[in-house]
Amino acid sequence: MLRSVRWTSFQPNFFITFRPGVLDDAPKTYLASLPRADAHRREQWQASLFEGFSNISSIDVTRLMETLLEGFSQISMALRLMALLAGMAGMAAVFSVLRLRVGERRGELHLLKLLGAAPRSLTRALSLEAAVLGGAAGTLGVLLSLVVGAVLSMTVFESPPALPSLRLMVAVPLAFAIGGGLLGRLSTRDVLATRPQEWLRSIQDGG
């Protein structure tokens with residue numbers, strides 16, 4: 001019979017019972033737990049145990065968990081730094097794509113300026129378009145991260161998924177939207193600063 005064991009739980013996962021007398025001559029290991037206490041009291045208990053019984057092994061679970069939590073904190077900090085670097089690389093890629101897109105729409109923008117559109121209005125429209133795309137990308141990324149995190153939590157760690165704070169779920173798409181709007185404004189500055197007459201003259205010279 002196969003049984004599932006949850007290694008992250010300190011509670012018994014299952015019990016195996018035998019008839020009385022079967023394991024009387026077998027080697028035995030006795031386990032015991034002590035109530036929560038401060039560090040000085042725990043050290044006194046361990047010292048008294050080691051003085052009276054040299055073959056007893058003692059594990060300070062509190063200190064072990066503190067060490068594990070410190071390691072997890074360092075891993076979390078490294079992951080946050082990697083996420084920040086990935087976000088910066090993504091912003092650079094988005095800026096390059098926006099510059100390329102604006103370059104492809106250079107003629108359309110200059111024609112709109114010749115028809116009377118103000119450069120400020122064109123900048124606002126393109127920035128809004130980039131902000132909407134950035135917000136949509138941030139929202140999709142948050143949703144995908146929630147789905148992947150829930151699947152890993154239930155299948156690998158066998159624990160219920162934990163949702164992040166609502167503030168973080170709102171802040172990430174908002175940050176992407178603001179970043180997209182700023183990048184959209186920066187990517188259109190050179191094109192909208194050029195006069196339409198210069199664009200027409202460059203077309204004539206090229207033709």
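Residues numbered from 1 in each chain as written. Predicted model: local features only at pLDDT ≥ 70, side-chain atom pairs only at ≥ 80, totals over all residues. Heavy atoms only, no water.

## Side note on the overall build of the chain
The helix and strand inventory of the chain stands at 7 helices and 0 strands. Along the chain, helices (α) and strands (β) appear in the sequence α-α-α-α-α-α-α when read from the amino end. Here the C-alpha atoms of the chain give a radius of gyration of 32 Å, more than 25% beyond the 17 Å that 2.2 N^0.38 yields for 207 residues. Across its three principal axes, the chain shows a C-alpha extent of roughly 105 × 45 × 30 Å. Within the chain, the proportion of its 207 residues that are buried is 16%. Residue pairs at least 24 apart in sequence account for 68% of intrachain contacts in the chain once pairs closer than 6 positions are excluded. Here the chain displays about 16,800 Å² of accessible surface, and carbon together with sulfur accounts for 65% of that area. Taken as two groups, the 21 positive and 15 negative side-chain charges of the chain have centres that lie 12 Å from each other. (Helix = DSSP H or I, 4+ residues; strand = E, 2+ residues; numbered from the N terminus. Rg over C-alpha atoms; globule rule 2.2 N^0.38 Å. Buried < 20%, exposed > 50% of the residue type's maximum accessible area, 1.4 Å probe, protein only. Contact = heavy atoms within 4.5 Å. Areas by Shrake-Rupley, 256 points an atom, 1.4 Å probe, with all protein chains shown as cover. Lys, Arg positive; Asp, Glu negative; His and termini not counted. Charge placed at Lys NZ, Arg CZ, Asp CG, Glu CD.)

## Description of the environment of histidine 40
Relative to the helices and strands, histidine 40 resides in helix 1 (residues 39–52). With relative accessibility at 52%, the residue histidine 40 sits in the exposed group.

## Quick look at a nonpolar patch on the surface
Together, Ile59, Val61, Leu64, Met65, Leu68, Leu69, Phe72, Ile75, Leu79 and Met82 make up an exposed nonpolar region whose accessible area comes to about 990 Å². Relative to the assigned elements, leucine 79 resides in helix 2 (residues 61–104). Taking the relative accessible area as the measure of exposure, leucine 79 reaches 52% and is therefore exposed. (Patch = residues over 30% accessible without salt bridge, like charges linked within 9 Å, V, L, I, M, F, W, Y side chains within 5 Å. Salt bridge = Lys/Arg side-chain N within 4 Å of Asp/Glu carboxyl O.)

## Section: the nonpolar core
Grouped together as the largest cluster of nonpolar side chains are 6 residues: Val102, Leu109, Leu122, Leu126, Val191 and Leu192. When contributions to this core are tallied by element, the ones reaching two or more residues are helix 4 (119–155) and helix 6 (189–193). Those residues in contact with valine 102, other than ones at most four positions away along the chain, are Leu109, Ser187, Thr188 and Val191. (Core = buried A, V, L, I, M, F, W, Y, C linked by side-chain atoms within 4.5 Å.)

## Looking at the pattern of salt bridges
All told, the structure shown has 1 salt bridge when counted by the stated rule. Between arginine 63 and glutamate 43 there is a salt bridge, and its shortest N-O distance comes to 3.7 Å. Residue arginine 63 is found in helix 2, and its partner glutamate 43 is found in helix 1; the two are separated by 20 residues along the sequence. Judged by relative accessible area, arginine 63 falls into the partly exposed class, the value being 45%. Under the relative-accessibility criterion, glutamate 43 is labelled partly exposed at 43%.

## Observations concerning the environment of aspartate 38
Tracing the chain through its elements places aspartate 38 in the segment before helix 1. Separated by 2.9 Å, the side chain of aspartate 38 and the backbone nitrogen of arginine 41 make a polar contact. (Polar contact = N/O pair within 3.5 Å; in protein donor to acceptor, adjacent residues only side chain to side chain.)

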